[in-house]
Each structure stands twice: as structure tokens, then as C-alpha cells.
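Coordinates in review
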Amino acid sequence: MSLQQTYDPDNIFAKIIRGEMPSVKLMETDNILAFMDVFPQSKGHCLVIHKKSEAVNFLDVEPEALNELIGATQVVAAAVEKALKPDGLRIVQFNGARAGQTVFHLHFHVLPVYEGVVVAAHASGKPASHEELEPIAQSIRKAIR
Ligand code: AMP
């Protein structure tokens, strides 16, 4: 997969946007969706996507959509900080399979880091259940301003 690829409207996140795949949602507007990462690398790991932009990565996103997306990412990151009180917070974004991108719909990861807790490997392992993710999502939702 090169960095210049065409958008696949059947990628997992497009299906989540259309409601064809389940997700544990945190925040949704006309243009933005934030939801829990189903392979969380840490407690509270979540993702923020634009619902209308068909950008594959950081290089092909329209500036206006990027503005909305990064603004929403800050809102979600602030809520994660307020709800879960991590010791650190990574905002992560991968471009191209070689760089670690596995879903080819532009997204930002909000990845809390806790002192003494190892951050799990990226996009691997066993998926978390809805029951595991929902209580964490609830606390983040409450903290979204
Ligand atoms: P990336 O590798 O940067 O493209 O990130 C894709 C992220 O999406 C990974 O962290 C995966 O764990 C996550 N992911 C994959 N499938 C799903 C899904 N169905 N629901 C929520 N997160 C997912």
C-alpha cells in the first residue's frame, strides 16, 4: 500500500460511519465521529475521524476537514484527560502501511499513557468487548464539553 492510494469506501471506518459495523461512540456531529479503539493499547484509547472527508491520510485531507478533525481531537483528548487522569497522552497518526497504518481512512489516535503501565502493541491482540469498553466510554462522554 503506497502513500498515494485511492479511498476505499468499504474500509472499516466507513462502515462504522454508515452504521454497518458496531462501535462504542464517544461523540458524534454531522462531520466528526469519535469512538473507542477496539484493540486498545491502553485504557481509554480512542479514535477521531471525519465522516465526510474521504482522505486516506494526512497528505490528502482537505484543510478545512483537517481543522475540524484536529479541533475535535483536542476536545476528545481533553475529555480523556479529565475522565481518566492519565500521566501522559499521545496523539498519534500513521500514514501508509510501512508507517503502521492499518485502516485507510484518516484518523487520529488519542492514546493515554499511565505511569508503570506498558502501552500494548498497535492494532494487535484480542479485541475488547463492548462490556469492557462501555464503562470507560461513559466516563469520557461525561467529560466531553
Ligand atoms: P492505524 O493502524 O493507525 O490505521 O489505526 C487503526 C486503528 O483502528 C487500530 O488502532 C485498530 O486497533 C483500530 N480498529 C480496527 N478495527 C476497528 C474497529 N472495528 N473498531 C474500532 N477500532 C478499530
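Let me begin by describing the structure that accompanies this report. (Residues numbered from 1 in each chain as written. Predicted model: local features only at pLDDT ≥ 70, side-chain atom pairs only at ≥ 80, totals over all residues. Heavy atoms only, no water.)

What about the pairing of strand 2 (residues 32-36)?
Extensive coverage of strand 2 is indicated by the burial of five of its five residues. Here strand 2 shows a buried face lined by Ile-32, Ala-34 and Met-36 and a second buried face lined by Leu-33 and Phe-35. In this structure, strand 1 (residues 25-28) lies alongside strand 2, joined through three bridges in antiparallel fashion. Paired with Met-27 across the bridge in strand 2 is Ala-34. If you look at the hairpin formed by strand 1 and strand 2, you'll find three residues sitting between the two strands. (Buried < 20%, exposed > 50% of the residue type's maximum accessible area, 1.4 Å probe, protein only. Helix = DSSP H or I, 4+ residues; strand = E, 2+ residues; numbered from the N terminus. Pairing = 2+ DSSP bridges.)

Considering unusual backbone geometry
Phi is positive for Lys-85, close to 50°, though the residue is something other than glycine. Positionally, Lys-85 belongs in the loop between helix 2 (63-84) and strand 4 (88-92). One non-glycine residue, Ala-123, adopts positive backbone phi at about 45°. Its relative accessible area of 38% is what places Ala-123 among the partly exposed residues.

A closer look at the nonpolar core
Leu-26, Met-27, Met-36, Val-48, Val-76 and Ile-140 are the most contacted members of the largest nonpolar core, which has 30 residues in total. For this core, the elements supplying multiple residues, two or more each, are strand 1, strand 2, strand 3 (46-50), helix 2, strand 5 (107-113) and helix 3 (130-143). The biggest single contributor to this core is helix 2, with nine residues. Those residues in contact with Ile-140, other than ones at most four positions away along the chain, are Leu-26, Met-36, Gly-44, Ala-79, Val-80, Ala-83 and Leu-84. Counting seven residues, the second largest nonpolar core, distinct from the first, contains Phe-13, Phe-35, Leu-47 and Ile-49. (Core = buried A, V, L, I, M, F, W, Y, C linked by side-chain atoms within 4.5 Å. Contact = heavy atoms within 4.5 Å.)

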